[in-house]
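Below are the chains, spelled out letter by letter.
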Amino acid sequence: MSSPQAVGDLVSQPYKYGFVTDIETEKIAKGLSEDVVRLISSKKEEPAFLLEFRLRAYRQWLQMREPDWAALGYPPIDYQDVIYYAAPKQQAKKASLDEVDPKLLETFDKLGIPLSEQKRLSNVAVDAVFDSVSIATTYKEKLAEHGVIFCSISEAVKEHPELIERYLGTVVPSNDNYFAALNSAVFSDGSFVFIPKGVECPMELSTYFRINSGDTGQFERTLIVAEEGASVSYLEGCTAPMFDTNQLHAAVVELVALDDAAIKYSTVQNWYAGDEHGVGGIYNFVTKRGQCRGDRSKISWTQVETGSAITWKYPSCVLQGADSVGEFYSVALTNNRQQADTGTKMIHVGPRSRSTIVSKGISAGHSANSYRGLVQIGPKAVGARNYSQCDSMLIGDQAAANTYPYIRSQQPQASVEHEASTCRISEDQLFYLQSRGIGFEEAVSMMVSGFCRDVFNQLPMEFAAEADKLLALKLEGSVG
Amino acid sequence: MIRPDAPVLLEIRDLEARVEDKAILKGVNLTVRAGEIHAVMGRNGSGKSTLSKVLAGHPAYTVTAGSVTYRGDNLLELDPEQRARIGVFLGFQYPVEIPGVSNLEFLRVATNARRAEQGHEELDTFAFEDLVRERLQVVQMDPAFLERSVNEGFSGGEKKRNEILQMALLDPLVAILDETDSGLDIDALRIVAGGVNQLANADNATLLITHYQRLLDAITPDYVHVMAAGRILRTGGKELALELEQRGYDWVDQELAALEAAQTRTPAEVA
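Residues numbered from 1 in each chain as written. Chains lettered and ligands numbered in written order. Predicted model: local features only at pLDDT ≥ 70, side-chain atom pairs only at ≥ 80, totals over all residues. Heavy atoms only, no water.

The subject of this paragraph is the overall build of chain A. In terms of regular secondary structure, chain A is built from eleven helices and 22 strands. The proportion of buried residues among the 480 residues of chain A is 61%. Considering only residue pairs separated by 6 or more positions, chain A has 83% of its internal contacts joining residues 24 or more positions apart. Here chain A has roughly 17,800 Å² of accessible surface; of this, 49% comes from carbon and sulfur atoms. (Helix = DSSP H or I, 4+ residues; strand = E, 2+ residues; numbered from the N terminus. Buried < 20%, exposed > 50% of the residue type's maximum accessible area, 1.4 Å probe, protein only. Contact = heavy atoms within 4.5 Å. Areas by Shrake-Rupley, 256 points an atom, 1.4 Å probe, with all protein chains shown as cover.)

With that out of the way, let us pick up the interface of chain A and chain B. Opposite the 19 residues of chain A that make contact, chain B presents 33 residues. A per-residue breakdown of the area chain A buries against chain B is headed by Phe431(A), Tyr432(A) and Arg436(A), which together make up 38% of the total. Counting across the interface, chain A meets chain B through one salt bridge. For Glu163(B), the salt bridge is made with Arg436(A), and the minimal N-O distance between the two is 2.7 Å. Viewed at the interface, chain B and chain A are joined by eleven residue pairs in polar contact (both at pLDDT 80 or more). When residues of the side of chain A that touches chain B are traced back to their parent elements, those giving at least two are helix H9 (427-434) and helix H10 (440-456) of chain A. In terms of residues, the side of chain A that touches chain B owes the most to one element, H9(A), which gives seven residues. For the side of chain A that touches chain B, the class distribution of residues is eight nonpolar, six polar and five charged. (Buried area = accessible area lost by both parts, 1.4 Å probe. Salt bridge = Lys/Arg side-chain N within 4 Å of Asp/Glu carboxyl O. Polar contact = N/O pair within 3.5 Å; in protein donor to acceptor, adjacent residues only side chain to side chain. Nonpolar A, V, L, I, M, F, W, Y, C, P; charged D, E, K, R; others polar.)

What follows deals with the side chain of Ser370(A). All names here are of chain A. Within the fold, Ser-370 resides in strand E19 (residues 368-377). Residue classification places Ser-370 among the buried positions, given a relative accessible area of 1%. Apart from residues no more than four positions distant in its own chain, Ser-370 is found in contact with Ala-71, Ala-340, Asp-341, Thr-342, Asn-402 and Tyr-404.

Moving on, we come to unusual backbone geometry. Although it is not a glycine, Asp323(A) sits at a positive phi angle of roughly 60°. Note that Asp323(A) resides in the loop between strand E15 (316-319) and strand E16 (325-334).

As a further point, take the packing of helix H4 (residues 125-136) of chain B against helix H5 (residues 156-170) of chain B. Residues and elements named next belong to chain B. One way to put it is that H4 packs onto H5 with a least axis distance of 10 Å and a crossing angle of 125°. In terms of orientation, H4 lies oblique with respect to H5. As H4 packs across H5, the resulting crossing turns out to be right-handed. Touching Phe-128, Leu-131, Val-132, Arg-135 and Leu-136 of H4 are Leu-165, Ala-168 and Leu-169, all from H5. Here the contact of H4 with H5 is composed, by residue class, of seven nonpolar, no polar and one charged. (Axes fitted to C-alpha atoms, helices over the stretch in contact; angles between N-to-C directions. Parallel < 35°, antiparallel > 145°, perpendicular 65-115°, else oblique. Left-handed = near helix turned anticlockwise from the far one by under 90°.)

Residue and element names in this part refer to chain A. Pairing is mixed in the open sheet, where ten strands are placed in the order E4-E3-E7-E9-E11-E13-E16-E18-E20-E22. This sheet does not close on itself; its edge strands, each paired only once, are strand E4 (133-137) and strand E22 (415-424). Adjacent strand axes in the sheet meet at a mean angle of 10° when their direction is disregarded. In this structure, strand E3 (residues 124-130) lies alongside E4, joined through four bridges in antiparallel fashion. Its bridge partner lying in E4, Asp-127 is registered against Thr-137. Lying over the sheet, H10 contacts strand E13 (298-305), E16, strand E18 (354-363), strand E20 (385-394) and E22, oriented at roughly 160° with respect to E18. (Pairing = 2+ DSSP bridges.)

Here the focus is the sheet that holds strand E6 (residues 88-91) of chain B. Residue and element names in this part refer to chain B. A sheet is described by the order of its strands in space; here six strands give the open sequence E6-E9-E10-E3-E11-E12, paired in mixed fashion. Strands with a single pairing partner mark the edges of an open sheet, and in this sheet they are E6 and strand E12 (231-236). Across the sheet, the mean angle separating the axes of adjacent strands is 20° when strand polarity is ignored. Where E6 meets strand E9 (residues 174-178), four bridges bridge the pair, whose relative direction is parallel. Along E9, the bridge assignment pairs Val-88 with Val-174.

Next up on the list: the nonpolar core. Judged by nonpolar contacts, the single largest core of 113 residues is most densely connected at Ile362(A), Val448(A), Leu471(A), Leu10(B), Ile12(B) and Phe106(B). When residues of this core are assigned to their parent elements, the largest contribution, ten residues, is made by H10(A). Dropping the residues within four chain positions of it, Leu10(B) is found in contact with Leu30(B), Thr31(B), Val32(B), Leu55(B), Val68(B), Thr69(B), Tyr70(B), Leu75(B) and Val174(B). Among the nonpolar cores identified, the runner-up in size contains 47 residues, and Leu115(A), Ile135(A), Tyr208(A) and Phe285(A) belong to it. (Core = buried A, V, L, I, M, F, W, Y, C linked by side-chain atoms within 4.5 Å.)

Our focus in this paragraph is the pattern of salt bridges. One pass over the full model with this rule turns up 30 salt bridges over all chains. Across the salt bridge formed by Arg221(A) and Glu254(A), the nearest N and O atoms sit 2.9 Å from each other. Taken together, the positions of Arg221(A) in strand E8 (residues 221-226) and Glu254(A) in strand E10 (residues 246-257) put the pair 33 residues apart, joining distant regions of the chain. Between Arg296(A) and Asp260(A) there is a salt bridge, with the nearest N and O atoms lying 2.7 Å from each other. Remark: Asp260(A) occurs in the loop between E10 and strand E11 (262-269) and Arg296(A) occurs in the loop between strand E12 (281-292) and E13; sequence separation between them is 36 residues. Salt bridges here are not isolated pairs; linked through shared partners, they connect Arg234(B), Glu243(B), Arg247(B) and Glu255(B).

Confidence in the prediction of chain B, expressed as mean pLDDT, is 92, and 97% of residues score 70 or more. On the interface metric, ipTM, the complex scores 0.94, and its pTM is 0.79. (pLDDT = per-residue confidence, 0-100.)

Moving on, we come to helix H8 (residues 238-247) of chain B. Residue and element names in this part refer to chain B. Of all the positions in H8, only Leu-240, Ala-241 and Leu-244 are classed as buried. The buried side chains of H8 occupy one side of the element, clustering within an arc of 100° when seen end-on. Within H8, the exposed residues directed more than 90 degrees away from the buried face are Glu-239, Glu-245 and Gln-246. Just downstream of H8, Gly-248 is the residue with a positive phi angle, here 75°. (Arc of directions from axis to C-beta.)

Here we come to the confidence of the model for chain A. Any region with low pLDDT has predicted coordinates that should not be read closely. For chain A, mean pLDDT is 86; residues scoring 70 or higher make up 89% of the total. In this model, residues 1-13 of chain A is a region of pLDDT below 50 whose contacts with residues beyond four sequence positions or in other chains number 22 contacts.

Residues and elements named next belong to chain B. Of all six residues in strand E10 (residues 205-210), six are buried, a share of seventy percent or more. Where burial is concerned, the two faces of E10 agree: the one with Ala-205, Leu-207 and Ile-209 and the one with Thr-206, Leu-208 and Thr-210 are both buried. Across five bridges, the pairing between strand E3 (residues 37-42) and E10 is parallel. Bridge pairing in E10 links His-38 to Leu-207. Taken together, the five bridges between E9 and E10 define a ladder with parallel strand orientation. From the neighbouring strand, Ile-176 faces E10, where its bridge partner is Leu-207. For the crossover from E9 across helix H6 (residues 186-199) to E10, the handedness is right-handed. (Right-handed = clockwise from strand over helix to strand, strands pointing away.)

So, on to helix H3 (residues 48-63) of chain A. Taking 1.5 Å as the rise per residue, H3(A) with 16 residues should run 22 Å; its terminal C-alpha atoms sit 23 Å apart, in good agreement. The inward-facing, buried residues of H3(A) contact helix H2 (34-43), helix H6 (153-159), helix H8 (178-186) and E8 of chain A. (Expected span 1.5 Å × (residues − 1).)

All names here are of chain A. Within E19, eight of the ten residues are buried, which leaves the element mostly enclosed by the surrounding structure. Sheet topology note: the E19/strand E21 (residues 400-409) ladder contains ten bridges and is parallel. Counted as the bridge partner of Gln-376 is Arg-408 from E21.

Structure follows, in structure tokens:
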């Protein structure tokens, strides 16, 4: 299968999730203004504090400039040409799945996320978000027995406004950056997770984001709070139909871990990446940050980024508590004309805080893949430690890989280690494996999963194999 | 062991091949029967390594004329992995390192690919471990090498032992060993050659590509072929290698020059 023609055939493998669901959608007019912000808030029947939060963010956003420091190139985004709210037409969220539009259930079935009682995953609770709204959350009752709250953020605003008011915007302030401000002004839906003191969440939690409308932006907001001694593992997945226009996606995720709490946040991102000429695809501008507020708390990010035309994303940890732990495990794969600028920030504040960064970038086709990371050790972080490892793999000779590690230490008694490497899947390596009877595609996939093993080992079991397959699928035909 | 009635495993006829725009093989003829050990000798650039790569199906080499059959079937139309599965093995001069891919897992996948072709059942992790531990004896290799990435950080000798280990697991009918002796000290050479001798039997054949006589002191060939300028210039028994050792390759150059002169003469002159 190593002939160029065979390789070409494989490249044109269609994006599996590119279909559009034909469903009546309620959309507001294009454009962004204070009135639009008020309209979104009123559609969601929000309390006054949240409207204030949105309006403040909107006004801050107006004063800000879109960042241009990332190694990304794209035409200017017209923020007035985006629809900021779209929802499938149905009344308020249904109490039972039986009342949900069957077309929506079918959509999630097709995506491999069955929601109905009979078919749903047995050990994973799922919140399914379609365009701007959450349509269903499974296992809510079972989780409630343990005191765990898992619901859409809109629902949480209504049912637990005190928790939202206490935590929303405390990790990522609304003026944190341009895209976070935009999200804070117009965010539509997302998930809320609250694990009370001492509770170990009895199952995996997962949110599945689906963009369906072609001209709509998606601005989801996720907030996860783990109280003292609580722990949770959460996974998000995302897909979108194929359109030849670019779509804006600007999400904010905030994590809060109190004393001895642990949050594991995994992402398998597979937004539509555009075609081989770079037409279409999602612009993915995401702010993800976790705050280890408590002593001995732990936040671990694992991401497998395979989709989107543009990825701008730096899941970070603020390590405030003494002996707190931050981790970042990342595989970012770019192919064709995709561009990714991704990495992490580990901000060490508390004494003896520790962080680990393992980043694996794979660039194929004409893509560009950059790791950008900051390790900052504050003056009080006595005995803080960091270990970073950034590896890049190049496939073909047209792809680019960059590494931008920043280290700032104000603490002489801290240790920071950084290792980096670049490798290439060479024709000789492939030939070697082939000459032992291993097929071309399997050889590529063996080498890529070997390269990513340190990261895949961090994914929840159910998803590690999935991620392996996804990568193999994305890379099919990119070598040759 | 030469048996005139033994089945032909490999038949190379008038084989010509190029890499990029450069013609390297210019008409190679060679017949290999079961039970035989052939040595192909020659200077650097004579085309002997190219011959091994072409037989294994390296994509950088293009066959421009001639044929190669393996047990009567056209070998050249097969992908490299198919050639390996049906029993053609290439031991590399410079085995590549493959970081992140576990040597044990690699050996298991390769062995199972060959076994599937042979109609044997697939070996699971445990069954395979038993097999690999037994085969490690052939090259006196430390099991610790199984836990590492393929060839990563191996010394030259360890890489060559890993090659022979693969040969022991894949059980090929035609093993082509490209400069297996290069970069080996005396002890490693003895171990590697011992492995090759153990694996040779009446049903398979070995093609040793080598520069020096010293490998042939340890593995006795049935035939020695001398390659120059992309052709096999002369074929003889094991004594030909000794002659080459004594007289050096200059003698080959003279013979080649004479041959080329003969070919450029016009038909009238020949008459």
